[in-house]
Amino acid sequence: MEDASEYWKSWPRTYSPGSAAHTPRTTTWARLDQRRAHNMLLFAHDLRTTGELRADLDDQTVADMVWSTNSVEYFALLARRGWTPERFATHLEDLWTRSLLDPRAWREVE
């Protein structure tokens, strides 16, 4: 596998979320992004059923937090700083555990 930081160097030139240009590529990307956001809400609902999510976070907030941090944009930023996919995965596990779960749930795991 090629170095992730090399792979993502060209990404910002091919898609800009605020771009007014509507090409087949950006239209497809926008549809995929909307579908991801919807799926993250379904994921948040599933997480809620575990009883381990923080009570002060509603499902939309949980979905938005997962959606934004599990995005290609977020990964690209960190990959440009030299992060590997493995380091990124470990980071997300820690970030989501500490920010989304009730502290009693994640402290039991440590």
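Now for a description of the structure that goes with this document. Note that the coordinates shown come from a computational prediction; the quantities given were computed from them, not determined experimentally.

1. What about the nonpolar core?
Met-40, Ala-44, Leu-47, Leu-53, Leu-57, Val-62, Ala-63, Val-66, Leu-100 and Leu-101 together form the largest nonpolar core, which totals 10 residues. Residue assignment for this core shows that the elements contributing at least two residues are helix H3 (24-48) and helix H4 (59-69). Filtering out sequence-adjacent residues up to four positions away, Ala-63 remains in contact with Met-40, Leu-41 and Ala-44. The next biggest cluster of nonpolar side chains, apart from the first, holds six residues, and it includes Phe-75, Leu-78, Trp-83 and Phe-88.

2. Quick notes on the packing of aromatic side chains
Counting across every chain of the model gives two aromatic pairs. Between Phe-75 and Phe-88, the aromatic rings sit 5.0 Å apart at their centres with planes inclined by 75 degrees, giving edge-to-face as the arrangement. A residue pair is termed long-range when its members are at least 10 positions apart, and Phe-75 in helix H5 (residues 72-79) and Phe-88 in helix H6 (residues 85-100) qualify at 13 residues. Exposure remark for Phe-75: the relative accessible area of 11% places this residue in the buried category. Relative accessible area serves as the criterion here: at 8%, Phe-88 is assigned to the buried category.

3. Focus: the packing of H3 against H4
Look at H3 against H4: their axes get within 8 Å of each other, and the N-to-C directions meet at 125 degrees. Of the possible angle classes, the one that applies to H3 and H4 is oblique. You can see that H3 and H4 cross each other, and the crossing is right-handed. Residues Asp-33, Arg-36, Ala-37, Met-40, Leu-41, Phe-43, Ala-44, His-45, Leu-47 and Arg-48 of H3 pack against Asp-59, Gln-60, Val-62, Ala-63, Val-66 and Trp-67 of H4. Of the residues that constitute the contact of H3 with H4, the class distribution is 10 nonpolar, two polar and four charged.

Rules used in this analysis
- Residues numbered from 1 in each chain as written.
- Predicted model: local features only at pLDDT ≥ 70, side-chain atom pairs only at ≥ 80, totals over all residues.
- Heavy atoms only, no water.
- Core = buried A, V, L, I, M, F, W, Y, C linked by side-chain atoms within 4.5 Å.
- Buried < 20%, exposed > 50% of the residue type's maximum accessible area, 1.4 Å probe, protein only.
- Helix = DSSP H or I, 4+ residues; strand = E, 2+ residues; numbered from the N terminus.
- Contact = heavy atoms within 4.5 Å.
- Phe/Tyr/Trp six-rings, centres within 6.5 Å; stacked < 30°, edge-to-face > 60°.
- Axes fitted to C-alpha atoms, helices over the stretch in contact; angles between N-to-C directions.
- Parallel < 35°, antiparallel > 145°, perpendicular 65-115°, else oblique.
- Left-handed = near helix turned anticlockwise from the far one by under 90°.
- Nonpolar A, V, L, I, M, F, W, Y, C, P; charged D, E, K, R; others polar.

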